[in-house]
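The primary structure of each chain is shown beneath.
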Amino acid sequence: MDPPLDTLAPPTPSPPAGDPATERGFFHTAWDFSFRMGIRYIKSSYKDDPFRTFLELCLIGFIIWYITKQKYNIGTNEITLSDKEIDELVDDWKPEPLVPDLTEFERETLEKAIMIEGPNGTKVRLASATNSKPLLNFASYNFLGFLDNPDIENHAHETLRKYGVGSCGPPGFYGTLDVHMELEKQVAAFIGHSTAILYSQAFAATLSVIPCFSKRGDIIVADEGVNLPIQQAIVLSRSKVYWYKHNDMADLERILKDVNKQLHGRGAKNVLPRKFIITEGLFQNTGDITPLKDLVELKHRY
Amino acid sequence: MGKGQRATQVYKSTEFIEHARDSDGLINGSSDPFKLAPSNSSSLLVDSEKALKANKLASASASVEPAPTTAAAATANYPSPQAERPSELESVPSFILVTTYLSFLMLIVFAHLRDFFGKLLHPEEYVQLREQNGYAPMVSDFESLWTRRLYGRIRDCFNRPITGVAGGHVNLLERVSHDANATFEFTGRVRNVLNLASYNYLGFAQSEGPCADKVEQAMRENGVTQASTRAEAGTTRLLAETEDMVARFVGTEASLIVSMGYATNALNIPALVSRGCLIISDELNHNSLVSGARLSGATIRVFKHNNMQSLEEQLRRSISQGQPRTHRPWKKILVVVEGLYSMEGEFCDLPAIVRLRRRYGFYLFVDEAHSIGALGKRGRGVCDHFNVDPHDVDVLMGTFTKSFGAAGGYIAGSKALINYLRLHSHSAVYAEAMSVPVLAQVSASMRMIMGEDREHALEGQQRLDQLAVNARYFARRLAEMGFMTLGDSGSPVVPLLLFSPAKIPAFSRECLKRKIAVVVVSYPATPIITGRVRFCISASHTREDLDYALENISEIGDLLMIKFHQGKTIETTQTTETKKLE
């Protein structure tokens, strides 16, 4: 029969808190406990394989070293400064003038710039006081002589009376007129392609189209003598660019071969980049014409 | 004059003034009543005021009065754009945001599925996306997903062709699509619709009237075009006169006219800054400014939209740290902001920026593409609106497309700046000069706004007033109806938030059914969840036009459930007291 409850030994009274002997006892037991657990773990993981224990010790050592080593912040390289120091630096800082002063040559260029009076055409009149005879105009682009054409002027007047002057909006938002669309169709038919897009300014056209298709990671092979809009567009597109000597087809072929070799060398894992050849039909700076037939043949070959 | 004397006291004591003011304290003798503002303007001093107070100049003037700076004194009449503008997304029920995200998710999932099955079943339609014969795909798969699948669904809302003049009403060419917006064909009908979409703020897009007559006369005298770049044979007397007029209009010494608005930014910023300089630009700056900054090769840093604390912090950090890695001091710092942000309808905080400029010494570039001609009592743009001296802004840029009914842009500044740009900017040396009819239109409309046209002396001011009244009325009524609008009071651009991608084309098509033409914008012009419709108010809209539009917009709003603020009390910048909305 079970002994009645009250005959069991009374529970040992818990010692009052604050007694240093018992506190040490608590930590002592905790330390004791974990020490024993550690020994038990090592014993069980040892499994008669000293190398395994050695490896585990190395790993633990590595973790401790990594956590405690000095960390470097390479990214921003910023110095922390106090507010007062920042104020001083701000007061000290003197920027360059927004635009530098003009040199002597530049000032003369400005003064000598011609101002035209009246319409532009094959013969043009300058606005200077001394010379008011009409002069032959070899300065403006008037290849087909349309500037002197009265039909075009009349048409311009009619358009003004029908459409006003501005389109009041970009083409995306009610700025596309029916005349725009007709002109696009005519330009496409004139050149021989199916569609065309219009831009307001020639410089901006190049600047928009080239970066639209050629992006970072693509390859451009361009003629050295291309004009400034193309050069700026290539900069904006951030593609890799190779220059070939002006109108030199042998040089172009060499570069195309090199580019293809590099791409094959990289392996099939990489995405094939787009490759563009950029040149001008009639060069603005030198007046040459590009050998188009040879160029197209090279394009197909490579 | 008593008022003049007190103005003299305020102005002379501070050394902020760089230009001689005559004894009445007025610049150039112009008697603008807003410059003689009361001195007890308690408003609106931004935190950067502390920096100024530490400056010994400010302490000298503190002995006269608790000296507000000239800009703060004059802005007493206009609330600062920073004051309690509620954050866009705070007051939107989260239900709307969640459904917007879900809609986009669904659209993108469907887009990917359609692409996947399409490539399997109809490979010939995806020719341009795959490699063939060693040619890489012209358009990458991922980039064009948006254009093909999402934008393609709503393509009929954009690029709508018109004919005739884009004035208060416009003639739209009707078109239908039989193959899900891939191609369009014209039915041949022309519909006359109310135009809330074109940038025609002062109503100068006209084919008859005094401006058109002047254009015709100029074309007879000067031919149709210059056919040359400006540096070679493009400078004419007409161009030189128009440049002088623009400089006078804006309030600077000289100006340079460029034939295309976008190119004005893209080609002139590289002439001002280069490698070793820093450009600090607003988050939401226009693409042309970003293009110009990238072309220049300078380092670009961004500050939060219209947040002057963010700008100041960026300035302090940049100046004290110097160039990255070498810590050399920056050669120049150019801060680029816009006068009126067209997608938000907000103004920049020009007085605060000018105060920061005096403290930190950067150069300020303000792009007034939308604000020139449309803001300010005399139409001189954002400087006029805030009563800031135009000489405090280093480079003022603007376009003629919006308020003058022409095309092209200008840069205005000091004579030295413009002379330098004439020689070194790509737009002056390599790009065509502006053509004659456009120049003549600019000249004629500007003369009318300035009131220098003798026969129509009052018409310019009438148009300005009409625009201001129209804009305020429209924005106020929309807010009263419970729509969620953005923008500051007085801005002629009023955006209205739609959020969900399905409501964006729905709004546009419903409006078209009711003979109203509107512009809807979504990603990438705006953040992806805040798709919006943007109304452009014009001086050529009559009160009946606006009421008709408001009625229909209200109906559509009920249909699409976009009246997010209905039944709530909202404190807007348009109303000075809280109004209980119905």
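Model, not experiment: these values are computed from the prediction.

Visitor: What is the right way to read the sheet that holds strand 12 (residues 409–413) of chain B from this model?
Guide: Within a sheet, neighbouring strands are paired by backbone hydrogen bonds and run either parallel or antiparallel to one another. Residue and element names in this part refer to chain B. A sheet is described by the order of its strands in space; here 7 strands give the open sequence 4-12-11-10-7-5-6, paired in mixed fashion. Edge positions in the sheet fall to strand 4 (254–258) and strand 6 (299–303), since each of these pairs with one other strand and no more. Each strand of the sheet is rotated relative to its neighbour by a mean of 20 degrees, with strand direction disregarded. In terms of strand pairing, strand 4 meets strand 12 through 5 bridges, oriented antiparallel. Each residue of the ladder has a partner; that of Ile 257, found in strand 12, is Tyr 410. Helix-sheet contacts for helix 9 (residues 237–250) involve strand 4, strand 11 (395–399) and strand 12, and the interaxial angle to strand 4 is about 120 degrees.

Visitor: How should the interface of chain A and chain B be read in this particular structure?
Guide: For an interface, size is often stated in terms of accessible area lost upon the parts coming together. The interface of chain A with chain B comprises 74 residues on the first partner and 100 residues on the second. Taken as a group, Trp 93, Leu 98 and Tyr 174 of chain A account for 13% of the area that chain A buries against chain B, more than any other trio of residues on that side. Linking chain A with chain B are 7 salt bridges. For Asp 87 of chain A, the salt bridge identified is with Arg 359 of chain B, shortest N-O distance 3.2 Å. In this assembly, chain A and chain B are joined by 23 residue pairs in polar contact (both at pLDDT 80 or more). In terms of residue count, the dominant contributor to the side of chain A that touches chain B is helix 5 (residues 150–163) of chain A (7 residues). Taken together, the residues of the side of chain A that touches chain B sort by class into 43 nonpolar, 16 polar and 15 charged. As paired strands, strand 4 (residues 176–177) of chain A and strand 1 (residues 161–163) of chain B are joined by 2 bridges and run parallel to one another. In the strand pairing of strand 1 of chain B, Thr 176 of chain A is matched with Pro 161 of chain B.

Visitor: Explanation requested: the sheet that holds strand 3 (residues 134–136) of chain A in the structure shown.
Guide: Residues and elements named next belong to chain A. Ordered in space as 1-2-3, the 3 strands form an open sheet in which the pairing is antiparallel. Since the sheet does not close on itself, it has two edges, and those belong to strand 1 (116–117) and strand 3, each with one partner. Pairing analysis gives 3 bridges linking strand 2 (residues 123–126) to strand 3, with the strands arranged antiparallel. Its bridge partner being in strand 3, Arg 125 is matched across the sheet by Pro 134.

Definitions and cut-offs
- Per chain, residues are indexed from 1 in the order of the written sequence.
- All chains are assigned letters beginning with A, and all ligands numbers beginning with 1, in the order in which they are written.
- This being a predicted model, a pLDDT of at least 70 is required before a residue's local features are given, and a value of 80 or more before pairs of side-chain atoms are given or counted; all residues contribute to the totals for chains, interfaces and linings.
- Heavy atoms from the whole structure form the basis of all side-chain values; hydrogens and water molecules are not counted.
- Any two strands with at least two DSSP bridges between them are considered paired.
- Secondary structure elements follow DSSP: runs of H or I of four or more residues count as helices, runs of E of two or more count as strands, with numbering from the N terminus.
- All axes are obtained by fitting lines to C-alpha atoms, using only the stretch in contact for helices, and the reported angles, taken between N-to-C directions, cover 0 to 180 degrees.
- Any two residues whose heavy atoms approach within 4.5 Å at even a single point are treated as in contact.
- Take the accessible area each of two parts loses on contact, using a 1.4 Å probe, and add the two losses: that sum is the buried area.
- Salt bridges are defined as contacts in which a side-chain nitrogen from Lys or Arg sits within 4 Å of a carboxyl oxygen from Asp or Glu.
- Whenever two N or O atoms come within 3.5 Å, that pair is a polar contact, provided that in protein one can donate a hydrogen and the other can accept it, and provided that, for residues adjacent in sequence, both atoms are side-chain atoms.
- Polar here means any residue other than Ala, Val, Leu, Ile, Met, Phe, Trp, Tyr, Cys and Pro, which are nonpolar, and Asp, Glu, Lys and Arg, which are charged; Gly is therefore polar.

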